[in-house]
Amino acid sequence: MMTTAKQENKTAKRKRGGKLTFVLIFLCAAVAAVSAYQLISYYWANHEAESDFNSLRPPVAAQTNTKDPTDPSSFKARLPYYEKLKSENPDFAAWLTVPGTNIDYPVMQTLKNQNYYIDKDFQKKYSMNGSIFLSELSDVAATPPSDVVTVYGHHMKTGAMFGHLEDLTKPENFMKATTVILDTLQGRYVYRIYGLYRTPVDTGLPTEFKYWNVSNFPDEQTFDTYMAQTKAKLEIKNDAAAPVFGDKLILLSTCEYTQKNGRLVLVGVLENQPSA
């Protein structure tokens, strides 16, 4: 028969084990609750940000009968609205649309601090999503714009901003999204999508492709060197849209996570004269 002392010791161990189990369950529940709160907060913040952008989007359907976003009448209908946005925030530089995707946003630009809108919305309030914004080197006020127009946007898990660019690396999606439309106050520019590539940045290596550090090609050799680096990295492309010297490019750049400091870049080639 077990002695009283042994029984008490066994009972004490069970109590300690029960307390430890309770503490572990409580900690797991707390971690789960915090994680759920953070996840809900993330998606709610994204929902709020997208709602704000939705309020900025022109009511195109009420302004034009055409369903073709490249139709000049669509731009003419939108222009007064763009002018209104410019009066509300002088940093408004353009409107970017990629038919076949959710990309349909105002584009901001601040020359003294290129990254100002990386965490701010159109109203200059903090936003986890930030805004779509231009490189300080890109000039979209000129007619035509810079030889290379570089546009940045976050890769949001929800797919907002440039979150769905990754989808275009799949052939079935790449075939559906064929153009990038950039509306400036000077006119509408339609870029044919040429391809997408991934590349690391801030590597410190002399061979790093600094795709963002170019705005104009002074000569054919500079263009050829740039395009050779681009073509070497392309993982999907449309050869029919391959640029030649004299063509103008648009780059949509976002983060990607298959490599350290990775970037995913969409390349488009200008195919029209501005329609104003």
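Further up the page is the structure itself.
Residues numbered from 1 in each chain as written. Predicted model: local features only at pLDDT ≥ 70, side-chain atom pairs only at ≥ 80, totals over all residues. Heavy atoms only, no water.

(A) Quick look at the side chain of Asp-91. Along the chain, Asp-91 turns up in the loop between helix H3 (72-88) and strand S1 (92-97). Classification of Asp-91 by relative accessible area gives buried; the value is 17%. Residue contacts for Asp-91: discarding those within four places in its chain leaves Val-107, Met-108, Gln-109, Thr-110, Tyr-117 and Lys-124. (Helix = DSSP H or I, 4+ residues; strand = E, 2+ residues; numbered from the N terminus. Buried < 20%, exposed > 50% of the residue type's maximum accessible area, 1.4 Å probe, protein only. Contact = heavy atoms within 4.5 Å.)

(B) Representation of the pattern of salt bridges in the model. Scanning the model with the defined rule gives 10 salt bridges in all. Residues Lys-248 and Asp-147 are paired through a salt bridge, measuring 2.5 Å at the closest nitrogen-oxygen approach. Placement of the pair is Lys-248 in the loop between strand S7 (234-237) and strand S8 (249-256) and Asp-147 in the loop between strand S3 (132-134) and strand S4 (148-152), with a sequence separation of 101 residues. Judged by its relative accessible area of 13%, Asp-147 is buried. Residues Arg-198 and Glu-166 are paired through a salt bridge, measuring 2.8 Å at the closest nitrogen-oxygen approach. A residue pair is termed long-range when its members are at least 10 positions apart, and Arg-198 in strand S6 (residues 188-200) and Glu-166 in the loop between S4 and helix H4 (171-174) qualify at 32 residues. Several salt bridges share partner residues, and in doing so they unite Glu-166, Arg-198, Glu-235 and Glu-256 into one network. (Salt bridge = Lys/Arg side-chain N within 4 Å of Asp/Glu carboxyl O.)

(C) Fine view of the nonpolar core. Leu-96, Val-151, Val-180, Leu-182, Ile-250 and Leu-252 are the most contacted members of the largest nonpolar core, which totals 46 residues. Setting aside chain neighbours within four positions, we find Leu-182 in contact with Ala-94, Trp-95, Leu-96, Val-140, Val-149, Gly-187, Arg-188, Tyr-189, Tyr-191 and Ile-250. Judged by nonpolar contacts, the second largest core, of 18 residues, contains Val-201, Tyr-211, Leu-234 and Ala-241. (Core = buried A, V, L, I, M, F, W, Y, C linked by side-chain atoms within 4.5 Å.)

(D) Structural detail: the pairing of S1. Judged by how many residues are buried, S1 sits mostly within the fold: six of six residues are covered. Examined bridge by bridge, S1 and strand S2 (residues 104-108) share five bridges and lie antiparallel to one another. Opposite Leu-96, over in S2, you have Tyr-105 as the bridge partner. Connecting the antiparallel pair S1 and S2 is a turn made up of six residues, with Gly-100 showing a positive phi of about 95°. For S1 and strand S5 (residues 179-183), the ladder comprises three bridges, and the chain directions are antiparallel. The residue of S5 that forms the bridge with Leu-96 is Leu-182. (Pairing = 2+ DSSP bridges.)

(E) Examining the layout of surface pockets more closely. Reported here for the largest pocket is a volume of approximately 360 Å³. If you trace the largest pocket, you find 15 residues lining it, with Asn-115, Phe-133, Tyr-152, Ser-253 and Arg-263 closest to the centre. Ranked by residues supplied to the lining of the largest pocket, first place goes to S8 with three residues. Split by residue class, the lining of the largest pocket holds seven nonpolar, six polar and two charged. (1 Å grid on protein atoms, 1.4 Å probe; cavity = no way out; pocket = protein on both sides within 12 Å on 5 of 7 lines; lining within 4 Å. Points joined across faces, edges and corners; volume = space filled by probe spheres on them. Nonpolar A, V, L, I, M, F, W, Y, C, P; charged D, E, K, R; others polar.)

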